[in-house]
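One-letter residues, chain by chain:
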Amino acid sequence: MKDHLQSSLLLLNIFLKDRATLKKMFWVLLSFSLSLAFILCNLGLMQGYETIFNKGLKETQGDISIISRSGFFKLTEDQEAVFNREPEIKNIRCITQAEVFLIYKDFSRATQVRTYSDDLMPQKTNAGLKQGEVIVGDALAKEWRIPQGDEVALMFARGNVMGEYLPEVKTFKVVGVKKHKLYNRDSRTLYANYKDMAEMTNSGDMYNIIMVDLKQSEDKEFVSQYVKKLQKKFGPGFSVRPFWYEFSGLLEAVQVEKNIITLALQLIVLVAMFNMISFFRVLFETNYQALFLLRALGLSLKNIKFFLLLLSIILWFLANLGASLWSSVFSWLLKNWSFLSLPGKIYHLAEIELVIGSGELMTVSLLSLLWIVLLWFWFAKKLSNANLVSVLKGEWR
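Parameters and conventions
Residues numbered from 1 in each chain as written. Predicted model: local features only at pLDDT ≥ 70, side-chain atom pairs only at ≥ 80, totals over all residues. Heavy atoms only, no water. Phe/Tyr/Trp six-rings, centres within 6.5 Å; stacked < 30°, edge-to-face > 60°. Lys NZ or Arg CZ within 6 Å of the ring centre and 35° of its normal. Helix = DSSP H or I, 4+ residues; strand = E, 2+ residues; numbered from the N terminus. Buried < 20%, exposed > 50% of the residue type's maximum accessible area, 1.4 Å probe, protein only. Contact = heavy atoms within 4.5 Å. Salt bridge = Lys/Arg side-chain N within 4 Å of Asp/Glu carboxyl O. pLDDT = per-residue confidence, 0-100. Lys, Arg positive; Asp, Glu negative; His and termini not counted. Core = buried A, V, L, I, M, F, W, Y, C linked by side-chain atoms within 4.5 Å. Axes fitted to C-alpha atoms, helices over the stretch in contact; angles between N-to-C directions. Parallel < 35°, antiparallel > 145°, perpendicular 65-115°, else oblique. Left-handed = near helix turned anticlockwise from the far one by under 90°. Nonpolar A, V, L, I, M, F, W, Y, C, P; charged D, E, K, R; others polar.

Now for the packing of aromatic side chains. How two aromatic rings sit relative to each other is given by the distance of their centres and the angle of their planes. Counting across every chain of the model gives 10 aromatic pairs. Centroid distance F26 to W27: 5.3 Å. Interplanar angle 70°. Geometry classified as edge-to-face. Ring pairs connect the aromatic residues F73, Y207, F234 and F238, which therefore count as one cluster. A cation over a ring is seen here: K220 above W244, with NZ or CZ 5.2 Å from the ring centre.

Structure representation (structure tokens):
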């Protein structure tokens, strides 16, 4: 092993003295790192989309949503006891939500307004809201250019209580903006004081949605099993849904696309491998006299093969470092260049981030290492089957 390393260092010293060889190696390394960065960024975009989407859904719907099929309700003592006995539950939020018509200057839109009830709710997004105040979504505030302190009008449907079929319009002061990172939430969700909601919806101290946060919320299989468990306890009068219920098809498609893209983009890495083969041939063709002299002095073909393996691994390591740097550059551009932002109406996200975790890094690194090993085996076999003169002159087929 020590002899192999010494001979490899000697060969590196010989090859790296030639500026043409160094220039060729630079371009090979650049193409290799860019091809890996392209795959890494695509995987990071897919992972970022999935991560931000799931996070946004959890923030606005909890891990599990419980909806009464008969409208507004209030938990009975037995139903409250169900939650109190469950150690897996982290938090419970009771929500009053209504469909309203939002009016601001020349704009109007159908939106949702929601508030959190005091029951079973230790943390409230709108705990500091006073009566007559609302918080609007970030996308809505930007699209309509609604400044804080301005007023908007909400048109509530009063229902058929006491024969009141006509809607009621009430003005509210905008005191804040909330960013969910989900476009349809940021553009259509408002928050109001719970007393205003109770008055405008005739719901009193009742609510129509319960959001449950679990301690093991990252495990979708666990969440699915818990949904079944709660559905069984609450019965057919309630609909119990996981946070991804509304967008399950979209999230499954993202996961499938991520796997397909990983395999399809290996063609780009394959092109980089051809560049590396060309680089190896140049190494032998431009340094065959030095190699002939070293073979005459006792350098074995095994030493040459080991040198090629060592050089390939060095290039692979540097290419992966370069890919990480290119990915960081793209991540910065994604955050700071507006023309790279997603059209929220199509992709449901107001913005996207590059999320590259250990799984993405391992996938790209190991697949590229597999190509490097296959390339080395192929080249080593070519060297073994060739005679000495053809190897040293680079004239083998």
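Within the secondary structure, V134 is located in strand β4 (residues 133–137). On the basis of relative accessibility, which here comes to 0%, the residue V134 falls in the buried class. Counting along the chain gives 18 residues from V134 to V152, while the straight-line C-alpha distance between them is 8.8 Å. Not counting the four nearest positions on each side in its chain, V134 is found in contact with L129, V152, L154, F172, K173, V174, V175, G176, Y191 and A192.

A few words now on the pattern of salt bridges. Scanning the model with the defined rule gives five salt bridges in all. In this structure, the salt-bridge partner of D205 is K74, at a minimum N-O distance of 3.0 Å. Pair noted here: D205 is in the loop between α6 (194–201) and β8 (209–214) and K74 is in the loop between β1 (64–68) and α3 (77–84), with a separation of 131 residues, a long-range link. Where R93 meets D213, a salt bridge forms, and the shortest distance between an N and an O atom there is 2.9 Å. Taken together, the residues R93 in strand β2 (residues 89–104) and D213 in strand β8 connect sequence positions 120 residues apart. Exposure remark for R93: the relative accessible area of 11% places this residue in the buried category.

Another point: the confidence of the model for the protein chain. When pLDDT is averaged along the protein chain, the result is 78; 79% of the residues meet or exceed 70. Predicted confidence for residues 118–124 stays below pLDDT 50, and this span has 18 contacts to residues more than four positions away or in other chains.

Looking at the secondary structure, you find D63 in the loop between α2 (19–61) and β1. Salt bridges are absent for the buried D63, whose nearest opposite-charge side chain, K58, sits at 4.3 Å. Each residue touching D63, except ones within four places of it in the same chain, is listed here: K58, V212, D213, L214, S217, V223, R241, P242 and F243.

Before going further, it helps to examine unusual backbone geometry. Apart from glycine, the bulk of residues carry a negative phi angle, and the bulk of peptide bonds sit in the trans form. Unusually for a residue other than glycine, K105 sits at a positive phi of about 55°. Relative to the helices and strands, K105 resides in the loop between β2 and β3 (107–116). Here K105 falls in the exposed class, since its relative accessible area comes to 64%.

Counting 65 residues, the largest nonpolar core has F32, I64, I66, F83, I210 and M276 as its most contacted members. The element contributing the most residues to this core is α2, with 13 residues. M276 has contacts with V28, F32, L315, I372 and L375, leaving out every residue within four places of it along the chain.

Axis separation between α2 and helix α8 (residues 248–264) bottoms out at 9 Å; the angle between their running directions is 165°. By the angle between their axes, α2 is roughly antiparallel relative to α8. You can see that α2 and α8 cross each other, and the crossing is left-handed. Across the interface between the two elements, N42, L43, M46, Q47, Y49, E50, F53, N54 and L57 from α2 touch L250, L251, V254, Q255, E257, K258, I261 and T262 from α8. Counted by class, the contact of α2 with α8 contains nine nonpolar, five polar and three charged residues.

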